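Spelled out from the first residue to the last, the chains are:
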Amino acid sequence: MSWGVNLMYYHCPSCDKKFKYAEDLIAYFGDQFGRCPVCDTMGQFEKNGARTLDDFEYEEIED
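A few points on the structure. Remember, predicted model here, so these are calculated numbers, not experimental data.

What counts as what
- Sequence order as written defines the numbering, with residues in each chain counted from 1.
- Residue-level local features of this predicted model are given only where pLDDT is at least 70; pairs of side-chain atoms are given and counted only at 80 or more, and the full residue set underlies all totals for whole chains, interfaces and linings.
- For the side-chain quantities, the full set of heavy atoms in the structure was used; hydrogens and water were omitted.
- We call two strands paired when DSSP finds no fewer than two bridges between them.
- Elements are defined by DSSP. Helices are runs of H or I of four residues or more, strands are runs of E of two residues or more, and each kind is numbered from the N terminus.
- With axes taken as lines fitted to C-alpha atoms, and helix axes fitted only over the stretch in contact, angles between N-to-C directions fall between 0 and 180 degrees.
- For salt bridges, the criterion is a side-chain nitrogen of Lys or Arg within 4 Å of an Asp or Glu carboxyl oxygen.
- With a 1.4 Å probe rolled over the protein chains alone, any residue whose accessible area is under 20% of its type maximum counts as buried; one over 50% counts as exposed, and the rest are partly exposed.
- Throughout this description, the term nonpolar core refers to a set of buried Ala, Val, Leu, Ile, Met, Phe, Trp, Tyr and Cys residues connected via side-chain atoms within 4.5 Å.
- Contact definition: two residues touch when any of their heavy atoms are within 4.5 Å.

1. Quick notes on the sheet that holds strand E2 (residues 18-22)
- Taken in spatial order, the 4 strands make up an open sheet running E3-E1-E2-E4, and their pairing is mixed. Unpaired on one side and paired on the other, strand E3 (44-49) and strand E4 (59-61) mark the two borders of the sheet. Recorded for the sheet is a direction-independent mean angle of 30° between the axes of neighbouring strands.
- Strand direction decides the pairing type here: E2 and E4, joined by 3 bridges, are parallel. Residue pairing for E4: Lys20 is matched across the bridge by Glu60.

Okay, here's the thing in structure tokens:
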């Protein structure tokens, strides 16, 4: 049984946006991994793992 992709959850200290990145996209995003999609500030890491109960509160960054 698989829980799916591992996600890294962040919130932006500048604009308060909540967002998440799939760990398997670290190489794709490079230095941009973990950055806010709105203001480009480095996000503050909150947690990682399979999808959590509050997953819907976080925007998934895919490209």
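2. A look at the pattern of salt bridges
- As enumerated under the stated definition, the model contains 7 salt bridges in all.
- Two residues, Asp40 and Arg35, come together in a salt bridge whose shortest N-O distance is 3.3 Å.
- Owing to a relative accessible area of 38%, Asp40 belongs among the partly exposed residues under this scheme.
- Accessibility expressed as a relative area gives 23% for Arg35, which makes it partly exposed.
- One salt-bridge network, held together by shared partners, links Lys20, Arg51, Asp55 and Glu60.

3. Observations concerning unusual backbone geometry
- Positive phi is not limited to glycine here, since Asp16 has a value of about 70°.
- Topologically, Asp16 is positioned in the loop between strand E1 (7-11) and E2.
- Overall, the relative accessible area of 60% leaves Asp16 in the exposed class.
- One non-glycine residue, Asp40, lies in the positive phi region at around 70°.

4. Some thoughts on the nonpolar core
- Listed in full, the 9 residues of the largest apolar core are Met8, Tyr10, Cys12, Phe19, Tyr21, Phe29, Phe33, Cys36 and Ile61.
- Mapped onto this core, the elements with two or more residues apiece are E1 and E2.
- Not counting the four nearest positions on each side in its chain, Tyr21 is found in contact with Asn6, Leu7, Met8, Tyr10, Phe29, Gln32, Phe33, Gly34, Arg35 and Ile61.

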